[in-house]
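# Understanding the architecture of this molecule
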Amino acid sequence: MTQRLVRVCVIGAGLAGLCCALAAASRGLRVQLLDQAAEPRALAAHIEVVPNMLRDLVALGVGDDCVRAGFPYRGIDVIDRHGRHLHELPTERLAGPRFPAALGIRHDELHRLLERAALARGVDLRRAARVQAVHDHAGEARVVVERGEPVEADLVVLAAGAGSALPQALFPHALPASELPQSWWYALLPRPVDLDRPLIAHGDAGRRAVLVPVRHDQAGLALTEPSVAPAGSTPAEHLRRALATFAPRLRALAPRLDETTPITRRPARAALLEVPWHRGAVLAVGDCAHALPPHFGQAAAQAVEDARVLADLLDADTGREPLFEAFERRRAERVRRVHEITTTAARWDLQPDSGADLSLLMAKLAQTVAQPA
Ligand SMILES: Cc1cc2nc3c(=O)[nH]c(=O)nc-3n(C[C@H](O)[C@H](O)[C@H](O)COP(=O)(O)OP(=O)(O)OC[C@H]3O[C@@H](n4cnc5c(N)ncnc54)[C@H](O)[C@@H]3O)c2cc1C
């Protein structure tokens, strides 16, 4: 007899955990969501909701909320360091005729709207709840929480991200995510009036900037460069200096950055958990199963895709073991291909290659994710 899944415990209220909690609660399961942080992270950053990610957010029932909170767009412009237009990258409309192709959104807005949707569907969110261990206990799981009551569950979704020690404790074959020698700097700035879709700009010394509209009055800047410690300078000074090496449209942003501007610096990480992604009652999702470099917006998109597949499999109501097997069948090979494409893009950033063709790589990615997983 298959064991019915009734109680789900999701560890981690990042993008992957929020989406999985939302998916499970929408199917009538009792969901406990635990996060070690006392407050949601308020990062000065944006997320590019790329076409496949928007398609999956629509399937999870939050498409309209995303459109309301973000800045819809179609197509991406690419310019060189002198401001010459090189080409336009296409964005396919994958979310259906009612939705845009893609959108830019603030990192905190996306997390807020997902949390609101999850709570509205009955998810029980406990913050300041750091999970220390998960034990198998007579066919069910006991999730041990530091300074709190343990949680009993039929299914545990591990969405603790790439930096947490928990995935390695639970999956001894997990390799720690390796940091790529590359920095990503994020800031939110006033939106230039003529910016109605993302602009990718090449700078000097391996730098690249992406400017993404996120609201009528705001744009998100992501600037990547080979990792250099900004010795003796503040993040704002460092970013201003880096922007000076770009085309005038990007240079014009430098005066908007001062010492009061919140700036987020993030290392690019890469890791892929070999299957199995499950152990006992625990299923690994999001960055702790597949930490992808941020290229082409797939780190976030693949986290949401995990939730969409989980939603389908919970609908099928097969019980835990068949669900785990089906999840890995639908996810592992596809994520491996996306991982290969995004790490290739990251490698080309670090070691410029005359044969590198980013448009071709992006077309390969678009083909890989064109259909739902
Ligand atoms: C500034 C920034 C900008 C980004 N921009 C983009 C972008 O434009 N495009 C893109 O594709 N990706 C982007 N990403 C990456 C993307 O957000 C992640 O890949 C995606 O959110 C999936 O993460 P996750 O939910 O698996 O993990 P995380 O977001 O890391 O969430 C993990 C959560 O687990 C909690 N946790 C960890 N350990 C424990 C524990 N022991 N007990 C309880 N809770 C625990 C943490 O507090 C955290 O809330 C960005 C990330 C950052 C930080």
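Everything below is about the structure shown above.
Next up on the list: the site of the ligand. The environment of the ligand is made up of 34 residues, and the closest members are Asp35, Val131, Asp287, Gly297 and Ala300. Here a nitrogen atom of the ligand sits 2.9 Å away from a polar atom, N or O, in the main chain of Val131. Gly297 is positioned such that a nitrogen or oxygen atom in its backbone is 2.9 Å from an oxygen atom of the ligand. Isolated, the ligand exposes 1000 Å² of accessible area, and the fraction of that covered by the protein chains is 91%. At the level of secondary structure, the elements contributing two or more residues to the shell around the ligand comprise α1 (15-26), β3 (46-49), β17 (263-272) and α8 (298-316). Per-element tally for the shell around the ligand: the top contributor is α8, with 4 residues.

Let's shift gears to helix α6 (residues 235-243). Among the residues making up α6, those that are buried are Ala236, His238, Leu239, Ala242 and Leu243. On an axial view of α6, the arc spanned by its buried residues comes to 160°, and they lie on one face. In the core, the buried residues of α6 are packed alongside β13 (178-190), β16 (218-226), α7 (248-251) and β17.

Across soluble globular proteins, nonpolar side chains show a tendency to be buried alongside one another. Judged by nonpolar contacts, the single largest core of 83 residues is most densely connected at Met53 and Leu114. Excluding residues that lie within four positions of it along the chain, Leu114 makes contacts with Leu15, Leu18, Cys19, Leu22, Leu57 and Val62. In terms of nonpolar packing, the next biggest core, distinct from the first, is built from 21 residues, Leu189, Leu223, Ala247 and Ala254 among them.

Attention now goes to unusual backbone geometry. For the bond running from Val275 to Pro276, omega is 5°, close enough to zero to count as cis. Relative to the helices and strands, Pro276 resides in the loop between β17 and β18 (278-279). A positive phi angle is found at Ala205, which is not glycine, with a value near 50°. Structurally, Ala205 is set in the loop between β14 (199-202) and β15 (208-215). For Ala205, a relative accessible area of 60% puts it in the exposed group. If you check the backbone angles, Asp317 has positive phi at about 55° while not being a glycine. Turning to its location among the elements, Asp317 is positioned in the loop between α8 and α9 (320-350). Given a relative accessible area of 40%, Asp317 falls into the partly exposed group.

Scoring rules and cut-offs
Residues numbered from 1 in each chain as written. Predicted model: local features only at pLDDT ≥ 70, side-chain atom pairs only at ≥ 80, totals over all residues. Heavy atoms only, no water. Near = heavy atom within 4 Å. Polar contact = N/O pair within 3.5 Å; in protein donor to acceptor, adjacent residues only side chain to side chain. Areas by Shrake-Rupley, 256 points an atom, 1.4 Å probe, with all protein chains shown as cover. Helix = DSSP H or I, 4+ residues; strand = E, 2+ residues; numbered from the N terminus. Buried < 20%, exposed > 50% of the residue type's maximum accessible area, 1.4 Å probe, protein only. Arc of directions from axis to C-beta. Contact = heavy atoms within 4.5 Å. Core = buried A, V, L, I, M, F, W, Y, C linked by side-chain atoms within 4.5 Å.

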